[in-house]
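# Breakdown of the fold
As a plain string of letters, each chain reads:
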Amino acid sequence: MMKLRILHIEDNVDDQVVLRRALEKTGFSFELEIQGNGVDGMRSLSSKEYDLILVDFRLPDSTGLQILDGLRRENIKTPVIFVTGQGDVRTAREALKGGALDYILKSEINAQRLTSVIREYVYKIHIPEGVPPEFTSSLSTIFKANFVILVKLGGKAELYPSPGFTFDDSLKNLEKLVEANILAKKPIRSIVTCPQCTSYEYETIIKCKECGDGLFQRGESPMQFQRSQGVYQWFKCSNGHISSQPAVSYKCSRCGAEFDLVNGKMATLYSYSLTSSGLDALNFGSTS
Ligand SMILES: [Zn+2]
Ligand SMILES: [Zn+2]
């Protein structure tokens, strides 16, 4: 498991201890370094790499904003989270526009708040842009109980277990995560999809081969006869044409296009599972 390398710049010893204890309770595995002022903090930052910087907004020799400026000058891209007192909330909020990831109130430092801040940071680093955080959270819940997500086809295509988005959106997000090597996909089988829009969802249409009529009588007694091998089903269209096998085609439920097995587009169904870097991304450094 990866360890989260955290630099905490904070002069108040009590606050240093409170943060360390809260971090310990998150279950993330981490390496914490503490510096007591801005100058020492910047010195650490220019000589070592960290994953996350937690900065007290009011330091004896500088402010959180000055630290942000310093990082920009040194071209250090490590995400910064401000730790502020109640009085600095407005300034801290302004600083979010300047590139800080988030801010935490000193009175709010607890494992739960830190977990959500750290998780957001981890998602930001690992999850491709455009994949909603709710989708990623939902996946991390799913993968705690399941090894794979399957595409299931019934009358309707769906994902099982479902990440709670529409089928199309879920599939798009899953594909982005495959590109980012968070998920791996494995082919399950080939299916026919709509040649216009590649939808998996369509209804089956049965038509008379001779006249194209779609109103069938089927399985009705005059058209059925018994043989010793079994029952043969016959179809009779409303124009009276009889055949044992009508033409089968499909009507796309999404775009309405009609197609058959010949011009339908073949696609492969996949199952999706977590890669080892995906495991880190969704559950970064977690010991649980
Ligand atoms: Zn007919
Ligand atoms: Zn279609």
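Scoring rules and cut-offs
Residues numbered from 1 in each chain as written. Chains lettered and ligands numbered in written order. Predicted model: local features only at pLDDT ≥ 70, side-chain atom pairs only at ≥ 80, totals over all residues. Domains from an automatic or database assignment. Contact = placed C-beta atoms within 7 Å. Nonpolar A, V, L, I, M, F, W, Y, C, P; charged D, E, K, R; others polar. pLDDT = per-residue confidence, 0-100. Helix = DSSP H or I, 4+ residues; strand = E, 2+ residues; numbered from the N terminus. Expected span 1.5 Å × (residues − 1). Buried ≥ 20, exposed ≤ 12 C-beta atoms within 10 Å, placed from the backbone. Arc of directions from axis to C-beta. Pairing = 2+ DSSP bridges. Axes fitted to C-alpha atoms, helices over the stretch in contact; angles between N-to-C directions. Parallel < 35°, antiparallel > 145°, perpendicular 65-115°, else oblique. Left-handed = near helix turned anticlockwise from the far one by under 90°. Core = buried A, V, L, I, M, F, W, Y, C linked by C-beta atoms within 7 Å.

### Structural notes on the domain arrangement of the chain
- Each assigned domain of the chain is listed with its residue range as follows: domain 1 (4–126), domain 2 (133–189 + 267–282) and domain 3 (202–265).
- Each of domain 1 and domain 2 has a C-alpha centre, and the two are 33 Å apart.
- Facing the four residues of domain 1 at the interface are four residues of domain 2.
- Split by residue class, the side of domain 1 that touches domain 2 holds two nonpolar, one polar and one charged.

### Some thoughts on the confidence of the model for the chain
- Chain-level pLDDT for the chain is 85 on average; 91% of the residues reach the 70-or-more range.
- Across residues 220–224, where pLDDT falls below 50, the model places nine contacts with residues more than four positions away in sequence or in other chains.

### As for helix H7 (residues 167–179)
- End to end, H7 covers 19 Å across 13 residues, agreeing with the expected 18 Å (1.5 Å per residue, within 8%).
- Listed as buried for H7 are Ser170, Asn173, Leu174 and Leu177. Along the axis of H7, the buried positions cluster into a sector of 100°, meaning they face one direction only.

### Focus on the sheet that holds strand S5 (residues 102–105)
- Here we have five strands laid out as an open sheet, ordered S2-S1-S3-S4-S5, and parallel in their pairing. Either end of the sheet is taken by a strand with one partner, and the two such strands are strand S2 (30–35) and S5. Taking the axes of each pair of neighbouring strands and ignoring which way they run, one obtains an average angle of 20° across the sheet.
- Bridge analysis of strand S3 (residues 52–56) against strand S4 (residues 80–84) gives four bridges, and the strand direction is parallel. The partner of leucine 54 across the bridge, within S4, is isoleucine 81.
- Contacting strand S1 (4–9), S2 and S3, helix H1 (residues 13–26) crosses the sheet at an angle of about 175° to S2.
- Set on the sheet, helix H5 (residues 111–126) makes contact with S1, S3, S4 and S5; between it and S5 the angle comes to about 175°.

### Considerations on the packing of helix H2 (residues 38–47) against helix H3 (residues 64–73)
- In contact at an axis separation of 11 Å, H2 and H3 are set at 25° when each is read in the N-to-C sense. Relative to H3, the element H2 lies roughly parallel. The hand of the H2/H3 crossing is right-handed. Residue-level inspection shows Gly38, Gly41, Met42 and Leu45 of H2 in contact with H3, the latter providing Gln66, Ile67, Gly70 and Leu71.

### Points about the sheet that holds strand S16 (residues 258–259)
- In spatial order, the strands read S9-S15-S16; together these three strands make up an open sheet with antiparallel pairing. If you trace the sheet from one side to the other, it starts and ends with strand S9 (202–207) and S16, each paired once.
- Direction of pairing for S9 relative to strand S15 (residues 247–252): antiparallel, over a ladder of six bridges. Within S15, the residue paired with isoleucine 206 across the bridge is valine 248.

### Some points on unusual backbone geometry
- With an omega of -10°, the peptide bond running from tyrosine 160 to proline 161 counts as cis.
- Within the fold, proline 161 resides in the loop between strand S7 (157–160) and H7.
- Backbone geometry at asparagine 75 places phi at a positive 60°, although glycine is not the residue there.
- Structurally, asparagine 75 is set in the loop between H3 and S4.
- Assessed through the 6 C-beta atoms surrounding it within 10 Å, asparagine 75 is described here as exposed.
- The phi dihedral of threonine 198 falls on the positive side, at around 55°, and the residue is not glycine.
- Summarising the element assignment, threonine 198 is placed in the loop between strand S8 (183–193) and S9.

### Some remarks on the nonpolar core
- Core analysis: the largest hydrophobic core is formed by 46 residues, its most contacted members being Ile53, Leu54, Val55, Val80, Ile81 and Phe82.
- If you count residues domain by domain, this core takes at least three from each of domain 1 (4–126) and domain 2 (133–189 + 267–282).
- Residues contacting leucine 54, with those up to four places away along its chain left out, are Ile6, His8, Leu19, Ile81 and Val83.

### Regarding H5
- Taking 1.5 Å per residue as the helical rise, H5 with its 16 residues ought to reach 22 Å, and the 22 Å between its terminal C-alpha atoms agrees with that figure.
- For H5, the set of buried residues is Leu114, Val117, Ile118, Arg119 and Val122.
- Buried-residue contacts for H5 involve S1, H1, S4, S5 and helix H8 (276–282).

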